[in-house]
Amino acid sequence: MSAPGQEEVKEMTMDAPMERRVGETRHGAAEETADVVIVGAGIVGTALACLLGEEGVEVALVDARETLLDPETVGRGQPGMRVSALTPVSQTLLEGLGAWEWMAARRISPYRFMQVWDAEGSGEVSFSAEQAGVARLGHIVENDVTQAALERGLDALASVKLVLGARVTGLGESADGGRCVQLADGRRLAAPLVVAADGARSPLRELAGIGVNAHETGHMAVVTTVQVERPHGDVARQAFLPTGPLAFLPLRLDGERHHCSIVWSTSPEEAERLLGLSTEALGDELAMAFGHRLGEVTVVDRAVAFPLVQRHAQRYVLPGLALVGDAAHSIHPLAGQGANLGLMDAAVLAEELLAARRRGVALGDERWLSRYARRRRGDNAGMLALMDGFRLLFGTRHPALTLARNLGLGAVDRLTPLKRLIMQQAIGHRGRLPASCR
Ligand SMILES: Cc1cc2nc3c(=O)[nH]c(=O)nc-3n(C[C@H](O)[C@H](O)[C@H](O)COP(=O)(O)OP(=O)(O)OC[C@H]3O[C@@H](n4cnc5c(N)ncnc54)[C@H](O)[C@@H]3O)c2cc1C
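On a predicted model such as this, the values are computed, not experimentally measured, just so you know.

**Q** Before we move on, could you go through the packing of aromatic side chains and cite the residues and values that matter?
**A** Two aromatic rings are characterised by how far apart their centres lie and by the angle between their planes. Counted under the stated rule, the structure contains three aromatic pairs. Between Phe 248 and Phe 290, the ring centres sit 3.8 Å apart and the planes meet at 20°, which makes this aromatic pair stacked. Here Phe 248, found in strand S18 (residues 244-253), pairs with Phe 290, found in the loop between helix H8 (279-289) and strand S20 (297-299); they are 42 residues apart in sequence, far enough to count as distant. The structure contains a cluster of three or more aromatic residues connected by ring pairs, namely Trp 117, Phe 248 and Phe 290. Sitting above the plane of the Phe 306 ring, Arg 82 keeps its charged end 4.7 Å from the centroid. Here the basic side chain of Arg 371 rests over the ring of Trp 368, its NZ or CZ set 4.0 Å away from the ring centre.

This is the structure we're talking about:
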């Protein structure tokens, strides 16, 4: 351990992490302290800050972004391109935080049916909310709407301090043996616990020396918004093409049911080709690939592509450090589960930290933090493995596997208990839910 004032800090450069002593920094700023420093104010980090802040935990919520979203413009006009299918379990969490009511008043799109089919064969499976015993299977929500709703909640939380325009560049030990993050402007923030909620590339995870099991899916996700000829009828549809899954997620704009958010996972070459097409030609390709199930397709926004890499951190916790959300796991969007899994991480970590505080256990205690890791790692790993299986099974043209998956989809559709199990997974009812999600 280093002597006070001589703390070891790992700094991030553009190329590689390096070691530097805080005492040697140009700025020499004093440490600001909190109970918990959360790095990354995306959906997951902000939800965690709200859950802890509601119980009076002193939180510093840090993000490189300069400003918060403007709640006046979010969820109005053209829908945002990044959307998530939020499960009823995530909805319960967001209701408890007082965010859902605002989201619902702004713009959310319920879906009551799901249809998945093999574009190369005859297999098809469909689920309904009624079969799953819920009013809705979930809602398609623009990420900005969820984000802005959570940000509004921060206003009322005196114990949460927002530190914006602050890029974390180093991680070290604080003067009292806790953790300390170094900001690019020279400031340092110290706490018994630092939480990495800084996204899939997580600089903090790298600074902490935590490796990832990364898996190039070989896919890019092409994302855009379209208008469709036939009403979508609140059905979330996904076709498995030989090149990857294509999802049409139903959006309700001013009550009408003719818009969908598109996520088309495909090879990088194919993604490049699609992005190079005219709007009309892309609409025609989408309609054709989807077997014209919703008639003509008109692209109403630009199309962009995201690389899809599945990553799973080799550890979720170290002394004084925990990973949540995409920093811990990033998952193929075909399951629509990334944000849901991250919200569940936030809920379980908050529950464990509040229990630690009640018992007088230090918030950075690794053994206590391991309770969080045990509760979340299995669920996340199961979902990552399931997505890998799906991708492999549907990414093949091997006749035996094509036959197997068509028989499999047909069997799932007929086997009520199995179908019910899959539906429970899809709506987020897996394992022991934290109290905030029940
Ligand atoms: C095409 C696509 C479709 C998807 N569809 C779905 C879906 O249907 N359902 C679903 O549940 N999920 C979906 N996801 C996944 C979902 O969007 C993510 O899982 C979720 O947004 C991750 O949230 P997060 O808060 O963990 O990370 P992020 O949203 O990445 O937030 C990380 C934050 O950390 C900040 N940050 C990063 N580095 C630093 C630093 N050094 N210093 C300070 N701040 C820093 C960033 O500014 C950012 O605000 C999809 C993803 C993709 C790519």
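From this point, things continue past the structure.
**Q** Account for the site of the ligand, with residues named and values stated.
**A** As a matter of local geometry, the ligand sits amid 30 residues, with Asp 63, Val 168, Asp 326, Gly 336 and Ala 339 nearest to it. Between the ligand and Val 44 there is a distance of 3.1 Å, counted from an oxygen atom to a backbone nitrogen or oxygen. Asn 143 places a side-chain nitrogen or oxygen 3.5 Å from an oxygen atom of the ligand. In the complex, the protein chains occlude 83% of the 1,000 Å² of accessible area that the ligand would expose alone. Among the elements of the structure, helix H1 (43-53), strand S6 (83-86), strand S16 (212-228) and helix H9 (338-359) are those that each provide at least two residues to the shell around the ligand. Across the shell around the ligand, the residue classes break down as 14 nonpolar, 10 polar and six charged.

**Q** Describe the nonpolar core, with residues and values.
**A** Soluble globular proteins tend to pack their nonpolar side chains together in the buried interior. Counting 84 residues, the largest nonpolar core has Met 103, Val 181 and Leu 204 as the members making the most contacts within it. Among the elements that take part in this core, H9 stands out by supplying 12 residues, more than any other. Those residues in contact with Leu 204 that sit more than four places away from it in its chain are Val 39, Val 168, Leu 171, Val 181, Val 194, Val 195, Ala 196, Asp 198 and Leu 321. Counting residues in each nonpolar core, the second largest holds 23 residues, with Ala 85, Val 125, Ala 129 and Ala 247 among its members.

The rules behind the values
Residues numbered from 1 in each chain as written. Predicted model: local features only at pLDDT ≥ 70, side-chain atom pairs only at ≥ 80, totals over all residues. Heavy atoms only, no water. Phe/Tyr/Trp six-rings, centres within 6.5 Å; stacked < 30°, edge-to-face > 60°. Helix = DSSP H or I, 4+ residues; strand = E, 2+ residues; numbered from the N terminus. Lys NZ or Arg CZ within 6 Å of the ring centre and 35° of its normal. Near = heavy atom within 4 Å. Polar contact = N/O pair within 3.5 Å; in protein donor to acceptor, adjacent residues only side chain to side chain. Areas by Shrake-Rupley, 256 points an atom, 1.4 Å probe, with all protein chains shown as cover. Nonpolar A, V, L, I, M, F, W, Y, C, P; charged D, E, K, R; others polar. Core = buried A, V, L, I, M, F, W, Y, C linked by side-chain atoms within 4.5 Å. Buried < 20%, exposed > 50% of the residue type's maximum accessible area, 1.4 Å probe, protein only. Contact = heavy atoms within 4.5 Å.

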